Amino acid sequence: MLILSFLLLLLHLAHAASIISRSHSYPLNSPSIMVGPETDLIIANEFIAPDGLKRSATLAGGTFPGPIIAAQKGDRFAINVVNKLTDDSMFKSTSVHWHGIFQNGTNSADGVAFVTQCPIAQNDSFLYSFEAQNQTGTYWYHSHYSTQQCDGLRGALIIYDPEDPLSYLYDVDDETTVITLADWYHVVAPVLNHFVGVVNNSTLINGLGRYQGGPNSELAVVNVEYGKRYRLRLIAISCAPNFAFSIDNHNLTVIEADGELTEPLLVDSLQILPGQRYSAVLNANQPVDNYWIRALPNIPNDDFDAGQNSAILRYKGAPITEPTTNQTDSIIPLIETNLHALINPGAPGVPEYGKADINLMMVVNKTNGLFYINGFAFNPPSVPVLLQILSGAQNATDLLPHGSVYALETNKVVELTMINGENFGPHPIHLHGHSFDVVQSTGNSSFNYFNPVRRDVVAVGPQDQQMVIRWVTDNSGPWLLHCHIDWHLKNGFAVVMAEFTSPSDTQKQPNIIPNAWQNLCPIFNSLSPNQLGAEDSYQEAENVAIAYGENITQVLFPNT
């Protein structure tokens, strides 16, 4: 089988003429780019070179990552997503998901293409209007249409709490302390969709990085002042890899996981999976200097050579130069079972395995590159699940796709056990509409119903390992449960949790459906292949494979 990372390395060399210096005026991200909860978010194609190689990308607000959307506790969000996409090589429709926001009462604003809406067509717009109610913490937004986020549509969303009970632990918490960890690809996502196995070209920290064999392009700098304490908000906006994160010579105190405060926990490194977030307090108590910030992806033989997978922590007064610090072995790495919810700890229901109101078992398997949960690969329906419900579906068994929709009665405690039956892991599992209590972490034989960590993305795997989570079905509507590795979601790793006593529960939700939402499907369904974009992606994938003498039947998925 093709080792795609090697193939893409060859593509870098073939496109050497595209490598540009940072002095050119291509759009770059700045940590200071911040917008409020009521804003227009323009989705458009721009050329950027975040790791030194220029390519067209799909961007929110013209930058990668997109602008930080910042709000205060209790603010209402009104984000008008305007689709100005034009690049024929990529998808020209879009949707935006607000990752970690429960959307209680506003399921139609969850932003999941073919589950809660049809995509927003080129030259159209849609106003996402919702309240986060009492939620505070670290979140993010990204496209939830195929693998479009891998082409750049991703950014941070922060809800600040002026009465944060842990604020005594830090002095600085602003746009300068938001740290995004991303993977980046030199080939557009619609082409990569056709390959069996995809590896990124570089790691970007706050939108900047370097790739193997590339130029010494600019690296992100996090500025600190000696004696101050900083709440770093780490967000893995990754399509595929997870990262081992650390800062040379510094410990971190974890105080939040996925929007949920935790009891403070001292660590010197942490693994962060796609979709996960941590707040970690850094005490700037080391000698004034430059220190490497490291985010090593779980890719075999990857390293920090020439500043790859790195950024710079720079103390005020340190010289403007790259660090010379060395990484040391981790002594106190983050272990998930050591994290405990700070607010109202304890999983709901009877504190015993298998004693919830609803007990689910899901086994994940993989065949010919496709993922199956209990024997069914998720295939997005042509009519969004929410629209099926609103159109009069009377029973959960009527909902499509068959085998991938689980009906859950409202106000019940659900316990889900998921077992990874395939040889890759870990898979980051994300549930929309909820946080959940992790009563058994993968790789751990014990259960904790007393004070487990509460979050919205959890690991399952490697092979034959399981995780167990609990939540309460107090949020009516269809909610996606899926692997947050985009290539896996694209290839079937998802189900829908449909929460209602009967479909009329969702049908009766007040103000759930704005008129503009009703228009999305008719407009999208009228689009031609050219208007959808990426019309020639399979042919382009074939050309890439043939150029390097690869066996197409082993390298590519069938063009169906």
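Here the structure is shown first, and the text comes after it.
Residues numbered from 1 in each chain as written. Predicted model: local features only at pLDDT ≥ 70, side-chain atom pairs only at ≥ 80, totals over all residues. Heavy atoms only, no water.

A. How the structure looks around helix α6 (residues 515-525). Those residues of α6 lying buried are W517, L520, C521 and F524. Seen along its axis, α6 keeps its buried residues to an arc of 80°; they face one direction. Away from its buried face by more than 90 degrees, α6 exposes N515 and P522. As for α6, its buried residues are in contact with β7 (125-131), α3 (385-390) and α7 (529-532). (Buried < 20%, exposed > 50% of the residue type's maximum accessible area, 1.4 Å probe, protein only. Helix = DSSP H or I, 4+ residues; strand = E, 2+ residues; numbered from the N terminus. Arc of directions from axis to C-beta. Contact = heavy atoms within 4.5 Å.)

B. Spatial organisation of the pattern of salt bridges. Applying the stated criterion across every chain, the model contains 18 salt bridges. Among the ionic pairs, D456 bridges to R277, the shortest N-O distance being 2.9 Å. Within this pair, whereas D456 is found in the loop between β27 (454-455) and β28 (457-460), its partner R277 is found in strand β18 (residues 277-283), the two being separated by 179 residues in sequence. On the accessibility criterion, D456 (0% relative accessible area) is buried. A relative accessible area of 0% places R277 in the buried class. Three or more residues joined by partner-sharing salt bridges are found here, namely D164, D173, R231, R233 and E256. (Salt bridge = Lys/Arg side-chain N within 4 Å of Asp/Glu carboxyl O.)

C. View of the sheet that holds β7. Within the open sheet, the four strands sit side by side as β3-β2-β5-β7. Their pairing is mixed. Pairing within the sheet leaves two strands with one partner each, and these edge strands are β3 (55-60) and β7. Adjacent strand axes in the sheet meet at a mean angle of 20° when their direction is disregarded. (Pairing = 2+ DSSP bridges. Axes fitted to C-alpha atoms, helices over the stretch in contact; angles between N-to-C directions.)

D. Examining the state of the cysteines more closely. Evaluation of the coordinates by the stated rule reveals two disulfides. Between the sulfur atoms of C118 and its disulfide mate C521 the distance is 2.1 Å. Because the sign of the S-S torsion sets the handedness, a value of about 90° for the bond joining C118 and C521 places this disulfide among the right-handed ones. In this pair, C118 is assigned in the loop between β6 (96-99) and β7 and C521 in helix α6, connecting sequence segments 403 residues apart. A relative accessible area of 8% places C521 in the buried class. Disulfide partner of C150: C239, at an S-S distance of 2.2 Å. Given an S-S torsion of about -125°, the disulfide between C150 and C239 has left-handed geometry. With a gap of 89 residues between them, C150 in the loop between β8 (137-143) and β9 (154-160) and C239 in the loop between β13 (229-236) and β14 (243-247) connect regions that are remote in the sequence. Take C239: its relative accessible area is 0%, and that puts it in the buried class. If the cysteines joined by disulfides in the protein are listed in sequence order, their pairing comes out as 1-4, 2-3. Summary of cysteine pairing: C483 is not part of a disulfide, and the nearest cysteine sulfur, belonging to C239, is at 11 Å. (Disulfide = S-S within 2.5 Å.)

E. Structural detail: the nonpolar core. If you look at the biggest cluster of nonpolar residues, it comprises 80 residues, and the most contacted ones within it are M362, W487 and M497. Leave out the neighbours within four places in its chain, and W487 touches T147, C150, Y185, A189, L192, N193, V198, C239 and A240. Judged by nonpolar contacts, the second largest core, of 38 residues, contains A60, L153, I513 and L520. (Core = buried A, V, L, I, M, F, W, Y, C linked by side-chain atoms within 4.5 Å.)

F. Main features of the pairing of strand β4 (residues 66-72). By the criterion of burial, β4 is predominantly enclosed, with six of the seven residues buried. With two bridges connecting them, strand β1 (residues 34-35) and β4 associate as parallel partners. Its bridge partner lying in β4, M34 is registered against I68. Relative to β9, β4 is paired through five bridges, and the arrangement is parallel.

G. Structural view of unusual backbone geometry. Cis rather than trans, the peptide bond between L400 and P401 has omega equal to 5°. Here P401 shows up in the loop between α3 and β23 (405-408). Here the bond from G425 into P426 is cis, since omega is 5°, no more than 30 degrees from zero. Within the element layout of this structure, P426 appears in the loop between β24 (413-420) and β25 (427-431). Although it is not a glycine, Q133 sits at a positive phi angle of roughly 55°. Summarising the element assignment, Q133 is placed in the loop between β7 and β8. Residue classification places Q133 among the partly exposed positions, given a relative accessible area of 42%. Residue S146 is not a glycine yet carries a positive backbone phi of 50°. Of note, S146 is situated in the loop between β8 and β9. Residue classification places S146 among the partly exposed residues on the basis of a relative accessible area of 26%.

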